[in-house]
Amino acid sequence: MTLKLGYLLPTRRRVMEGEHDTDRILELADLAEEIGLDSVWVGDSVTAKPRHDPITLLAAIAARTERIGLGTAVLVPMLRNPTLLAHQLATLDRISHGRFVLGVGLARDVPAIRAEFAAVGVPFEKRVGRMLEGLRLCRALWSAAPVDWDGRWTLAGATLAPEPFTPGGPKIWGGGGVPAALRRCAANFDGWFPSGRGRGGADWGADWQTLRAHAEEAGRDPAEIAGAAYVTVAIDQDPKAAEAQLESYLARYYNLPPGRIRTEEYVFAGDRAAVAGWIAGFVEAGCGHLCVRVTGSDDARQMVELAELSGRIG
């Protein structure tokens, strides 16, 4: 299997460091296309982990690039009215000529994220049902047919324009690795995009096989579901320095013990050969697309190093 390799743009880290400008982020997206990476990704948060708005930023990137894929890693759709979200994403899909993938997730159950939901006036409870219904409404509006809806939201003969560039709307990839998330993704989404639940490719592969079985149970062809993952790596020719860099990054980013994050997300530190071997484990397990978050602050160098790693994988 040929791996598609993507880069997570450091919107959150740069804001944490006091860098609020967008010029450098846009230049990094240009560089990613120039050096042959397959995609760039942007995270999402309003008040819990402040960063640039992903939809606005990806629209700017779409307008100045031609080939590279674009995605959210991941958007929390419940924070937005789904009718408005459907309109924004249809426009983004048009600007990008169909290069956009909507990665979605539930967000952690922690006080800062509960406060974020309150800040935008959305109940935190029953957020799974809110997410699924909201995305079904988006897909209905992307069909270009008049939509009648009687649920959490009420629409009567509503139509949306422009129609998305992608027939039926952008592909939707769902995250999560717990059993309920695997079943939910198998039944509802176009791709599986977890950020962790294990140490690496072997653990990802075991969950992937479970998800594919759930898809068959739901009457879906597993081949129609894309397998992807969101991973974090620290690369340094001194493995001890890479480990220290990763520990420091996780502690600062999450304000939680790094050991806990290591059990909840796909993270790895090592030299180029070790990182390439670790990534290859995902490919061997059937993963077709990786969004890679790289620790450290020299973004351009790290991006080039990531692109060069692709030649070692496989």
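Nothing here was measured: the structure is a model prediction, and the numbers come from that model.

What counts, and at which threshold
Residues numbered from 1 in each chain as written. Predicted model: local features only at pLDDT ≥ 70, side-chain atom pairs only at ≥ 80, totals over all residues. Heavy atoms only, no water. Core = buried A, V, L, I, M, F, W, Y, C linked by side-chain atoms within 4.5 Å. Buried < 20%, exposed > 50% of the residue type's maximum accessible area, 1.4 Å probe, protein only. Helix = DSSP H or I, 4+ residues; strand = E, 2+ residues; numbered from the N terminus. Pairing = 2+ DSSP bridges. Axes fitted to C-alpha atoms, helices over the stretch in contact; angles between N-to-C directions. Parallel < 35°, antiparallel > 145°, perpendicular 65-115°, else oblique. Left-handed = near helix turned anticlockwise from the far one by under 90°. Contact = heavy atoms within 4.5 Å. Nonpolar A, V, L, I, M, F, W, Y, C, P; charged D, E, K, R; others polar. Expected span 1.5 Å × (residues − 1). Arc of directions from axis to C-beta. Polar contact = N/O pair within 3.5 Å; in protein donor to acceptor, adjacent residues only side chain to side chain. Disulfide = S-S within 2.5 Å.

1. Notes on the nonpolar core
In this structure, Leu 9 and Leu 290 are the most contacted members of the largest nonpolar core, which totals 83 residues. Counting ten residues, the second-largest nonpolar core is a separate cluster that includes Ala 234, Ala 242, Tyr 249 and Ile 261.

2. Points about the pairing of strand S4 (residues 100-104)
With five of its five residues buried, S4 lies for the most part within the structure. In S4, alternate side chains face the same way, and those of Phe 100, Leu 102 and Val 104 on one face and Val 101 and Gly 103 on the other are all buried. Of the pairings in the sheet, the one linking strand S3 (residues 69-72) to S4 comprises two bridges and is parallel in character. If you follow Gly 71 over to S4, its bridge partner there is Val 101.

3. Let's talk about the packing of helix H4 (residues 82-95) against helix H6 (residues 127-142)
Between H4 and H6, whose axes approach to 9 Å, the crossing angle comes to 50°. One finds that H4 runs oblique with respect to H6. For H4 against H6, the interelement crossing comes out right-handed. In this structure, H4 contributes Pro 82, Thr 83, Leu 85, Ala 86, Leu 89 and Ala 90 to the contact, and H6 contributes Gly 134, Leu 137, Cys 138, Leu 141 and Trp 142. Among the residues making up the contact of H4 with H6, the classes are represented as nine nonpolar, two polar and no charged.

4. Here we look at H4
Between its terminal C-alpha atoms H4 stretches 20 Å, which fits the 20 Å expected from 14 residues at 1.5 Å a residue. Listed in full, the buried residues belonging to H4 are Pro 82, Leu 85, Ala 86, Leu 89, Ala 90, Leu 92 and Asp 93. One side of H4 carries all its buried residues, which in axial view fall inside an arc of 165°. Residues of H4 that are buried in the fold lie against helix H3 (54-64), S4 and H6. N-capping of H4 is provided by Asn 81, with a side-chain oxygen placed 2.9 Å from the backbone N of Thr 83.

5. Details of the state of the cysteines
Counted according to the given criterion, the structure contains zero disulfides. Lacking any disulfide linkage, Cys 185 is separated from the closest cysteine sulfur, that of Cys 287, by 12 Å. Left without a disulfide partner, Cys 287 is nearest to the cysteine sulfur of Cys 291, which lies 11 Å away.

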